Amino acid sequence: FQLYGYCYQDSNDIPDTLTTITELGSPLEMIQLLQTSWEDRFRICLSLVRLLHYLAHSPLGSVTLLDFRPRQFVIVDGELKVTDLDDASIEESSCTSNSDCFMEFPARNFTLTCSVEGRCQSMNEKRNLYNAYRFFFTYLLPHSAPSSLRPLLDKIVNATGNCKKHVNANGCLALKLSPSPSVNSEFTQKCMKSANSKYKRVPEAFIPDENYRCWPSYHHKGCLLSVFDINEAIEICDSYSQCKAFVLTNQTTWTGRQLVFFKMASNHIVPDPDKITYVKVTD
């Protein structure tokens, strides 16, 4: 969280008062997040992964957030940031045996290893990881994820939920690879349908009406989704019975995927130099 300034002052009631000035963020509302596009939710998870990595390797050592709940975070420019550090701790629990390294959560419990130095190994890091899983990853990552990325995402979600020994904040950085072109290119392997044979290409054209709603969509009154290429757009249109055409725009998401309008008819097409329309060819 960006700190813009701070000052110390003495108060009659509370001595050594510290006032901080930080950037303004939006409260995190999980229901609203579940209604956003997968890429927006992925971006939030990616920023959380960066935070987990920093907490595990901070200059003070491994830091745990004892009150790791959505209300402690805000959204700033589409990314997740922690706002309350009152309950942060750098103390790793001391132990004499593994039974002392017991972590209890509402749904699951875990026992970690007691090191020869008498400290529970990676307890701060594991606590952060599991809380990230139960409050964020399990809700935000799997929903409507691109099919080619689901095996990787399922692996990350399951591993963090099981608190496996080999899973740490470094391992979760695999999320950074997910939106890369090399991974997204798998979409082209999935769908080899020909745009020329199934769809008629109409350059510099747009369909202003004929909208239908879909989920998730970047447009609340229509079906506006992101695609990697024309093949994925065809696959999406073919998956909706009401889809009879789609329009490629010149807009992209933060990962570089192209925004596409999906339409239920093509009765009224107007000129638009920034768009390309594809109309499904009827038999």
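Scroll up to find the structure.
A quick note: this is a predicted structure, and the numbers were derived from the prediction, not measured.

**Student:** Explain helix α2 (residues 38-56) to me, please; I cannot follow it from the model alone.
**Tutor:** At 3.6 residues per turn, the α-helix brings residues three or four places apart onto the same side. Over its 19 residues, α2 runs 27 Å from end to end, which matches the ideal 27 Å to within 8%, given 1.5 Å per residue. Counting buried positions along α2 gives 14 out of 19 residues, so the element sits mostly inside the fold.

**Student:** Would you mind going over helix α3 (residues 123-140) with me for this structure?
**Tutor:** When the terminal C-alpha atoms of α3 are compared, their 24 Å separation across 18 residues agrees well with the 26 Å that a helix rising 1.5 Å per residue should span. Here α3 lies mainly inside the structure; 14 of its 18 residues are buried.

**Student:** Teacher, can you tell me more about the state of the cysteines here?
**Tutor:** Per the stated rule, a full pass over the model turns up four disulfides. Between the sulfur atoms of Cys101 and its disulfide mate Cys120 the distance is 2.1 Å. Judged by the torsion about the S-S bond (-90°), the Cys101/Cys120 disulfide is left-handed. With a gap of 19 residues between them, Cys101 in the loop between β7 (88-89) and β8 (102-104) and Cys120 in the loop between β9 (109-111) and α3 connect regions that are remote in the sequence. As far as burial versus exposure is concerned, Cys101 and Cys120 are alike and both buried. The partner cysteine of Cys237 in its disulfide is Cys243, sulfur to sulfur 2.1 Å.

**Student:** Help me understand the sheet that holds strand β11 (residues 223-227), please; the structure alone is not making it clear to me.
**Tutor:** One open sheet holds the five strands; their spatial order is β10-β14-β12-β13-β11, and the pairing between them is antiparallel. Two strands in the sheet have a free side with no partner beyond their single neighbour: β10 (199-206) and β11. In this sheet, neighbouring strand axes are inclined to one another by 30° on average, regardless of whether the strands run parallel or antiparallel. Pairing geometry for β11 and strand β13 (residues 258-263), over five bridges, is antiparallel.

**Student:** Whenever I open this one, the pattern of salt bridges confuses me. Can you help?
**Tutor:** If the charged atoms of two oppositely charged side chains come close together, the side chains can form a pair. All chains considered together, the criterion is met by nine salt bridges. The salt bridge partner of Arg71 is Asp67, with a shortest N-O separation of 3.8 Å. The salt bridge partner of Asp238 is Lys280, with a shortest N-O separation of 3.6 Å. One end of the pair, Asp238, is in helix α9 (residues 230-239); the other, Lys280, is in strand β14 (residues 270-280), and 42 residues separate them in sequence. Residue Asp238 is classed as partly exposed on the basis of its relative accessible area of 25%. Accessibility expressed as a relative area gives 23% for Lys280, which makes it partly exposed. Three or more residues joined by partner-sharing salt bridges are found here, namely Glu39, Glu232 and Arg257.

**Student:** What is the right way to look at the environment of Ile276 in this model?
**Tutor:** Mapped onto the secondary structure, Ile276 falls in strand β14. Placed 72 residues apart in sequence, Ile276 and Glu204 show a C-alpha to C-alpha distance of 5.2 Å. When residues no more than four places from it in sequence are discounted, the contact partners of Ile276 are Arg201, Val202, Pro203, Glu204, Ala205, Phe246, Val247 and Leu248.

**Student:** What am I meant to see in the packing of aromatic side chains here?
**Tutor:** Each pair of aromatic rings is reported with the distance of its centres and the angle of its planes. The final tally for this structure, using the stated rule, is 14 aromatic pairs. With 6.2 Å between their ring centres and 65° between their planes, Phe105 and Phe110 make a pair best called edge-to-face. With relative accessibility at 9%, the residue Phe105 sits in the buried group. Taking 5.9 Å as the distance between ring centres and 65° as the angle between the ring planes, the aromatic pair formed by Phe206 and Phe261 counts as edge-to-face.

**Student:** How should the packing of α3 against helix α4 (residues 150-162) be read in this particular structure?
**Tutor:** The angle between the axes and the distance between the axes are what describe a pair of packed helices. As a packed pair, α3 and α4 sit with axes 8 Å apart at the nearest point and diverge in direction by 135°. Overall, the two elements α3 and α4 adopt an arrangement that is oblique. The interaxial crossing formed by α3 with α4 has left-handed handedness. Residues Leu129, Tyr130, Tyr133, Phe137 and Thr138 of α3 form the contact with α4, whose participating residues are Val157, Thr160 and Gly161. Among the residues forming the contact of α3 with α4, the class breakdown is five nonpolar, three polar and no charged.

**Student:** So what exactly am I meant to see when it comes to the nonpolar core here?
**Tutor:** Nonpolar side chains tend toward joint burial in soluble globular proteins. One finds Leu28, Leu48, Phe68, Phe73, Leu80, Phe136 and Phe137 to be the most contacted residues of the largest nonpolar core, which totals 31 residues. Counting residues per element, the ones that place at least two in this core are α1 (30-34), α2, β5 (73-76), β6 (79-82), α3 and α4. Among the elements that take part in this core, α2 stands out by supplying 10 residues, more than any other. The contact partners of Leu48, leaving out residues within four places of it in the chain, are Phe68, Leu80, Ala132, Phe136 and Phe137.

Definitions and limits used
- Numbering of residues starts from 1 in every chain and runs along the sequence as written.
- Only residues with pLDDT of 70 or above have their local features reported here, since the model is predicted, and side-chain atom pairs are shown and tallied only from 80 upward, although totals for entire chains, interfaces and linings are computed over all residues.
- For the side-chain quantities, the full set of heavy atoms in the structure was used; hydrogens and water were omitted.
- Helix numbering and strand numbering both begin at the N terminus, where a helix is a DSSP run of H or I of at least 4 residues and a strand a DSSP run of E of at least 2.
- Given the number of residues in a helix, its expected span is that number minus one, multiplied by 1.5 Å.
- Any residue under 20% of the maximum accessible area for its type is buried, any over 50% is exposed, and the rest in between are partly exposed; the area is computed with a 1.4 Å probe on protein chains only.
- Pairs of cysteine sulfur atoms within 2.5 Å are what we label disulfides.
- Here the rule is simple: two strands pair whenever DSSP picks up at least two bridges between them.
- Interaxial angles span 0 to 180 degrees and are taken between N-to-C directions of axes, which are lines fitted to C-alpha atoms, for helices over the stretch in contact.
- A pair is scored as a salt bridge if a Lys or Arg side-chain nitrogen falls within 4 Å of a carboxyl oxygen belonging to Asp or Glu.
- Residues are treated as being in contact if the distance between any of their heavy atoms lies within 4.5 Å.
- Aromatic rings from Phe, Tyr and Trp, taking only the six-membered ring of Trp, are treated as a pair when their centres fall within 6.5 Å; an angle between ring planes under 30 degrees marks them as stacked, one over 60 as edge-to-face, and anything in between as tilted.
- We call two directions roughly parallel when the angle between them is under 35 degrees, roughly antiparallel when it is over 145, roughly perpendicular when it lies between 65 and 115, and oblique otherwise.
- Left-handed describes a crossing whose near helix is turned anticlockwise from the far helix through less than a right angle; right-handed describes the clockwise counterpart.
- Think of it as three bins: nonpolar holds Ala, Val, Leu, Ile, Met, Phe, Trp, Tyr, Cys and Pro, charged holds Asp, Glu, Lys and Arg, and polar takes everything else, Gly as well.
- For the purposes of this section, nonpolar cores are sets of buried Ala, Val, Leu, Ile, Met, Phe, Trp, Tyr and Cys residues that join through side-chain atoms within 4.5 Å.

The values are spatial; any link to function lies outside them.
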